[in-house]
Amino acid sequence: MKRLLALLLPILVTVGLLVYALSGVDLSTLRSTLLEGELWVIPPFLILLAFFFFNNALRWTLILRPFGHFSVRQVAPSMMIGFAGNNLLPLRIGELIRTVIFAKESGCSRSGVLMTLVVERALDLVGILLVFVTGALLVGELPPGWSYGLAVALAGILSLLTVLVLLGRFPNLSLGLWKRLSPSLPTLVAERGQTYLTELSRGLGALATASTGFALFLQSLLRWYVAAALVWLSLASYGVSVPPGVAMLVVGVTAAAVSLPSVPGFVGPVQAAFVFALTPFGISQEVALAASILFLVGHWVPVTLTGAIYFVSRHYSYRQIRREAASLSEDSEIA
């Protein structure tokens with residue numbers, strides 16, 4: 001039943017989001033709008049996209065610092081394979097594939113690598129919320145109901161920063177709490193939980209140094225400002241120039257949408273997010289959808305090709321890597 005729900009829920013969510021995004025759209029107008037897109041945006045789009053992932057790889061090297069000193073060249077292959085996996089496979093299994101491959105190539109423990117991705121996601125969330133808040137402040141007058149989203153974003157930023165700083169400065173805090181709770185838990189759960197929390201505390205060690213912590217937050221913020229520039233270029237291809245604040249709001253809404261369970265490739269969440277975020281500012285559904293398709297394809301094709309090239313060049317067995325990723329998933333669920 002659990003597996004059936006895990007398969008059906010992403011399909012239902014994707015269909016629902018696509019129905020919302022396409023509701024009331026004139027398909028012939030959408031087709032003509034897509035064909036009218038200007039190609040001059042492609043070179044700057046690809047350059048910014050490359051910088052987006054270079055920055056992500058550089059940030060990961062800093063998060064990995066407590067486990068060893070790695071270069072961008074060392075971390076980029078597994079990172080891109082993981083992102084390609086997310087584009088092709090369900091349930092974000094690309095993150096687990098990334099963990100398995102980097103652990104193989106670096107000699108780090110799988111649990112340790114996996115916990116660095118937890119830190120990465122937490123930093124991403126802080127960056128996304130900050131970009132959304134910045135966009136809201138720049139726009140000034142928000143559409144009706146959006147002020148609640150702004151309040152949630154501000155509360156989320158304060159909460160996440162507090163937790164990250166506390167865990168980074170006092171790494172034994174979570175372990176101490178777990179040791180108090182674990183005697184009442186099954187032995188396997190207690191042991192796995194302690195292993196993952198130990199590795200998480202180690203991964204958060206990168207935040208214990210003020211200079212490194214500041215660099216990580218700055219890179220996380222920069223990453224999502226670059227994403228806003230990609231949104232702006234996607235719209236500019238169809239003759240629409242939006243204020244930077246609007247592009248930032250689109251990034252925040254899109255990030256929330258792609259966190260929902262959906263089919264691989266994020267088809268549906270991206271379209272619904274663009275329509276939801278752009279139409280209140282007077283942009284037609286057809287243009288919003290056309291820009292969302294350019295944005296999605298502009299990410300999906302180069303990222304998937306790059307990840308596939310890295311994977312093939314390393315002569316890994318897909319079945320073996322997938323099996324190891326599934327085993328890691330089971331271990332983390334037990335913990």
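Residues numbered from 1 in each chain as written. Predicted model: local features only at pLDDT ≥ 70, side-chain atom pairs only at ≥ 80, totals over all residues. Heavy atoms only, no water.

**Student:** What is the right way to look at the overall build of the protein in this model?
**Tutor:** Helix and strand counts for the protein stand at 14 helices and 0 strands. In the protein, the succession of α and β elements from N to C terminus is α-α-α-α-α-α-α-α-α-α-α-α-α-α. Considering only C-alpha atoms, the protein reaches an extent of 60 × 45 × 45 Å along its principal axes. Residue burial in the protein is summarised as follows: out of 335 residues, 49% are buried. Expressed as a percentage of contacts within the protein between residues at least 6 apart in sequence, the contacts between residues at least 24 apart total 74%. Accessible surface, the protein as shown: approximately 16,200 Å² in total, 70% of it carbon and sulfur. (Helix = DSSP H or I, 4+ residues; strand = E, 2+ residues; numbered from the N terminus. Buried < 20%, exposed > 50% of the residue type's maximum accessible area, 1.4 Å probe, protein only. Contact = heavy atoms within 4.5 Å. Areas by Shrake-Rupley, 256 points an atom, 1.4 Å probe, with all protein chains shown as cover.)

**Student:** Mind showing me how you'd approach the pattern of salt bridges here?
**Tutor:** Opposite charge on two side chains permits pairing when their charged atoms draw close. Under the counting rule described, the total for this entry stands at 11 salt bridges. For the salt bridge of Glu105 with Arg314, the shortest nitrogen-to-oxygen distance reads 2.7 Å. A residue pair is termed long-range when its members are at least 10 positions apart, and Glu105 in helix H5 (residues 93-106) and Arg314 in the loop between helix H13 (285-313) and helix H14 (318-334) qualify at 209 residues. The partly exposed category is assigned to Arg314, whose relative accessible area is 30%. Arg223 is paired through a salt bridge with Asp124; the nearest N and O atoms lie 3.1 Å apart. Placement of the pair is Arg223 in helix H10 (residues 210-236) and Asp124 in helix H6 (residues 110-139), with a sequence separation of 99 residues. For the pair shown, Arg223 and Asp124 are each scored as buried. (Salt bridge = Lys/Arg side-chain N within 4 Å of Asp/Glu carboxyl O.)

**Student:** Even after reading the chapter, I still don't get the layout of surface pockets, so can you show me in this structure?
**Tutor:** In this approach, a probe sized like a water molecule rolls over the atoms, and the result shows the empty space that is left. Quantified by volume, the largest pocket comes out at close to 1,100 Å³. Along its surface, the largest pocket is lined by 38 residues, and Ile128, Trp224, Thr254, Ala255 and Val258 are the ones closest to its centre. Put simply, the parts of the chain that give the lining of the largest pocket at least two residues each are helix H3 (42-63), helix H4 (72-88), H6, helix H7 (146-169), H10, helix H11 (244-258), helix H12 (269-278) and H13. Among the residues forming the lining of the largest pocket, the class breakdown is 25 nonpolar, 8 polar and 5 charged. (1 Å grid on protein atoms, 1.4 Å probe; cavity = no way out; pocket = protein on both sides within 12 Å on 5 of 7 lines; lining within 4 Å. Points joined across faces, edges and corners; volume = space filled by probe spheres on them. Nonpolar A, V, L, I, M, F, W, Y, C, P; charged D, E, K, R; others polar.)

**Student:** Please explain the environment of Thr304 as it appears in this structure.
**Tutor:** Relative to the assigned elements, Thr304 resides in helix H13. Residue Thr304 is classed as buried on the basis of its relative accessible area of 7%. For Thr304 and Asn87, which are 217 residues apart along the polypeptide, the C-alpha to C-alpha distance reads 6.8 Å. Those residues in contact with Thr304 that sit more than four places away from it in its chain are Ala84, Asn87 and Leu88. Looking at Thr304, its side chain comes within polar contact range of the side chain of Asn87, at 3.0 Å. (Polar contact = N/O pair within 3.5 Å; in protein donor to acceptor, adjacent residues only side chain to side chain.)

**Student:** Would you explain unusual backbone geometry in this entry?
**Tutor:** Among all residues except glycine, the phi angle is most often negative; among peptide bonds, the trans geometry is most common. The phi dihedral of Phe266 falls on the positive side, at around 65 degrees, and the residue is not glycine. Tracing the backbone through its elements, the reader meets Phe266 in the loop between H11 and H12. On the basis of relative accessibility, which here comes to 17%, the residue Phe266 falls in the buried class.

**Student:** What is the right way to read the environment of Val297 from this model?
**Tutor:** Mapping Val297 onto the fold places it in helix H13. Take Val297: its relative accessible area is 45%, and that puts it in the partly exposed class. Taking the C-alpha atoms as reference, Val297 lies 9.3 Å from Gly265; in sequence the two are 32 residues apart.

**Student:** Please clarify how the side chain of Ser234 should be interpreted in this entry.
**Tutor:** If you trace the backbone, Ser234 turns up in helix H10. In contact with Ser234, other than residues within four places in its own chain, are Phe45, Ala291, Leu294 and Phe295.

**Student:** Quick question: what am I supposed to make of the packing of H3 against H6 here?
**Tutor:** Between two packed helices, the angle of one axis relative to the other and the distance separating the axes together describe the packing. Orientation of H3 relative to H6, taken along the N-to-C sense of each, is 125 degrees, at an axis distance of 10 Å. The angle between the axes of H3 and H6 places the two elements in the oblique class. As for how H3 packs across H6, the hand of that crossing is right-handed. Residues Asn56, Arg59, Trp60 and Ile63 of H3 touch H6, and the partners they reach there are Val113, Thr116, Leu117, Val119, Glu120, Leu123 and Asp124. Tallied by class, the residues present in the contact of H3 with H6 amount to 6 nonpolar, 2 polar and 3 charged. (Axes fitted to C-alpha atoms, helices over the stretch in contact; angles between N-to-C directions. Parallel < 35°, antiparallel > 145°, perpendicular 65-115°, else oblique. Left-handed = near helix turned anticlockwise from the far one by under 90°.)

**Student:** What exactly am I supposed to notice about the side chain of Thr116 here?
**Tutor:** When you line up the elements, Thr116 lands in helix H6. Residue Thr116 is classed as buried on the basis of its relative accessible area, which comes to 0%. When residues no more than four places from it in sequence are discounted, the contact partners of Thr116 are Trp60, Ile63, Leu64 and Phe67.

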